[in-house]
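Each chain is listed here by its residues.
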Amino acid sequence: RHQHTTQSCPAVVLRTGAASSATGLGGQTNKRSPTPAAHSPPAMSGAPEDAHLARMHRFKFGPFDMNPVVSIGAAAVIWGFVFLAAQFPEDMGKELGIWSSWITSEWTWLYIGSPNNWIGGLIYILCSKYRHIKLRQDDEK
């Protein structure tokens, strides 16, 4: 499942996504809490990002692994916005026009400057020890 891609960079491990799948949930209990494994993450390999996944609140909704706090919060914000736009269309149109002009006048520098950050990041990667990392699945050449 895990593979080191170069000798010069042994700390970098590429994953195929199998660690985030829903395997290993069959009636086991999570070591961190007494809740059934149906509501807990799959078995982890010990990497720091796996420890973060173990602390997340998750639930399965069909093929999706979801965080209920984020999902419910986002749904509340979206439906609140839809409700306000449906109930007060003229006021929301005016308010959104104000927001749009403020964003355009105050944040254009970020929109113009962000490609420079991408180019700088790519140059950094090309000049660092990570330049030999190959982004691929374990079974690809």
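Here's a quick rundown of the structure. What you are looking at is a predicted structure, and each value in this text was computed from that prediction instead of being measured.

Scanning the protein from N- to C-terminus turns up three helices and four strands. Reading the protein from its N terminus to its C terminus gives the helix and strand order β-β-α-β-β-α-α. Taken across its 141 residues, the protein has 12% of its residues classed as buried. Residue pairs at least 24 apart in sequence account for 35% of intrachain contacts in the protein once pairs closer than 6 positions are excluded. When the accessible surface of the protein is summed, it comes to about 11,200 Å², and 66% of that surface belongs to carbon and sulfur atoms.

Here the focus is the environment of Ile 125. Secondary-structure assignment places Ile 125 in helix α3 (residues 89–127). What Ile 125 contacts, discounting residues up to four positions off in sequence, is Tyr 130 and Arg 131.

A cluster of nonpolar side chains, contributed by Phe 81, Leu 96, Ile 98, Trp 99, Trp 102, Ile 103, Trp 107, Trp 109 and Leu 110, occupies part of the molecular surface with about 960 Å² of accessible area. Per element, the largest residue contribution to the nonpolar patch is eight residues, and it comes from α3. Summarising the element assignment, Leu 110 is placed in helix α3. Owing to a relative accessible area of 39%, Leu 110 belongs among the partly exposed residues under this scheme.

Moving on, we come to the packing of helix α2 (residues 68–87) against α3. In contact at an axis separation of 5 Å, α2 and α3 are set at 115° when each is read in the N-to-C sense. Along the contact surface, α2 presents Phe 81, Leu 84, Ala 85, Ala 86 and Gln 87, while α3 presents Pro 89, Met 92 and Leu 96. For the contact of α2 with α3, the class distribution of residues is seven nonpolar, one polar and no charged.

Attention now goes to α3. Residues spaced three or four apart along an α-helix face the same direction, because each turn holds 3.6 residues. Over its 39 residues, α3 runs 53 Å from end to end, which matches the ideal 57 Å to within 8%, given 1.5 Å per residue. By the largest-angle criterion, Trp 107 marks the main kink of α3, which is about 60°.

Cut-offs used in this document
Residues numbered from 1 in each chain as written. Predicted model: local features only at pLDDT ≥ 70, side-chain atom pairs only at ≥ 80, totals over all residues. Heavy atoms only, no water. Helix = DSSP H or I, 4+ residues; strand = E, 2+ residues; numbered from the N terminus. Buried < 20%, exposed > 50% of the residue type's maximum accessible area, 1.4 Å probe, protein only. Contact = heavy atoms within 4.5 Å. Areas by Shrake-Rupley, 256 points an atom, 1.4 Å probe, with all protein chains shown as cover. Patch = residues over 30% accessible without salt bridge, like charges linked within 9 Å, V, L, I, M, F, W, Y side chains within 5 Å. Salt bridge = Lys/Arg side-chain N within 4 Å of Asp/Glu carboxyl O. Axes fitted to C-alpha atoms, helices over the stretch in contact; angles between N-to-C directions. Nonpolar A, V, L, I, M, F, W, Y, C, P; charged D, E, K, R; others polar. Expected span 1.5 Å × (residues − 1). Bend = angle between axes of the 7 residues up to and from the residue.

Spatial relationships are all this shows, so hold off on functional conclusions.
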